[in-house]
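Working through the structure, step by step
Below are the chains, spelled out letter by letter.
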Amino acid sequence: MPGPLLYRPPPRWQFWAALGGAIAIHLASVGIAAIKSEPPLVDLTNIPTATLEATLQPEDQPTPPPEDIPIAEPPPIPEVAPEFHEEKPPPPRTAAKPSGPVKAAGVPGTMSITGAKAVAIFAPKPDYPYEARSHHVTGSGVAVLTVDVASGNVTDASMAQSIGSPVLDNSTTSTFRRWRFRPGAAAPRVKVPITYTMSGASY
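Structure report, in brief. (Residues numbered from 1 in each chain as written. Predicted model: local features only at pLDDT ≥ 70, side-chain atom pairs only at ≥ 80, totals over all residues. Heavy atoms only, no water.)

**Structural notes on the packing of aromatic side chains**
Stated formally: Here a Phe, Tyr or Trp ring, Trp counted by its six-membered ring, pairs with any other such ring whose centre lies within 6.5 Å, and the pair is stacked when the planes are under 30 degrees apart, edge-to-face when over 60, and tilted otherwise. Per-residue accessibility, obtained with a 1.4 Å probe over protein chains only, is compared with the maximum for each type, and a residue is labelled buried under 20%, exposed over 50%, and partly exposed between these values. Put simply, DSSP marks the helices as runs of H or I at least four residues long and the strands as runs of E at least two long, and each gets a number from the N terminus on.
Under the counting rule described, the total for this entry stands at 5 aromatic pairs. Ring centres of Phe 176 and Trp 179 lie 4.8 Å apart, and the angle between their planes is 70°; this geometry places the pair in the edge-to-face category. The same class applies to Phe 176 and to Trp 179, which are both buried. For the ring pair Trp 179 and Tyr 203, a centre distance of 5.5 Å and an interplane angle of 55° mean the geometry is tilted. Of the two residues, Trp 179 sits in the loop between helix 4 (166–176) and strand 5 (180–181) while Tyr 203 sits in the segment after strand 7 (200–202), which places them 24 residues apart along the sequence. Judged by relative accessible area, Trp 179 falls into the buried class, the value being 1%. Taking relative accessible area as the criterion, Tyr 203 reaches 9% and is therefore assigned buried. The structure contains a cluster of three or more aromatic residues connected by ring pairs, namely Phe 176, Trp 179, Phe 181 and Tyr 203.

Below, the structure written as structure tokens:
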């Protein structure tokens, strides 16, 4: 009969082999864990670079104001002499003698419009002809009346200074030829400055 079974410890080389294998497996596990925990380095040398350029947009320019619409100019007014202003009427005259520079009958000289008004018995204003008014013709001039002192009638009328328009000159002289003065009171010549505006004639 065989002898009793006794426990035999395993050989030492098996122990050291098992221990070495366990250590190797442990180190391999640690190495794998370390490799997984650290991400691989990326080579950035070959990555292309891009340059961004930013430009500032100019501020919106203010809208320019609308251009003025040209207005048609009125037709030019003919050059005329300076306007003569009507003299103030003389103070009230007495029945004995008229005031103002009234020349005595038969004394040569020129009477102003102020004195002429004082002794005039018929002195209508010249009409503003439609032809001149429609074209906005205005101006000033000086008319000279020749008077028959004895009768007071105007024998002639002419323009010493033209108004600048033949139409206005003719209207002035034709009207002044109808003037009448008190007999013996007017001077042989009467000078009448006259002005035409769009409102009519004045002297």
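From this point, the narrative continues.
**Description of the environment of Asp 156**
Filter applied, for reference: Any two residues having at least one pair of non-hydrogen atoms within 4.5 Å are treated as being in contact.
The residue Asp 156 is located in strand 4 (residues 154–161) in this model. Assessed through its relative accessible area of 36%, Asp 156 is described here as partly exposed. For the pair Asp 156 and Phe 176, spaced 20 residues apart in the sequence, the C-alpha separation amounts to 8.3 Å. For Asp 156, the residues in contact, after removing those within four places along its chain, are Val 144, Leu 145, Thr 146 and Arg 177.

Everything listed is a geometric property; what it means functionally is a separate question.
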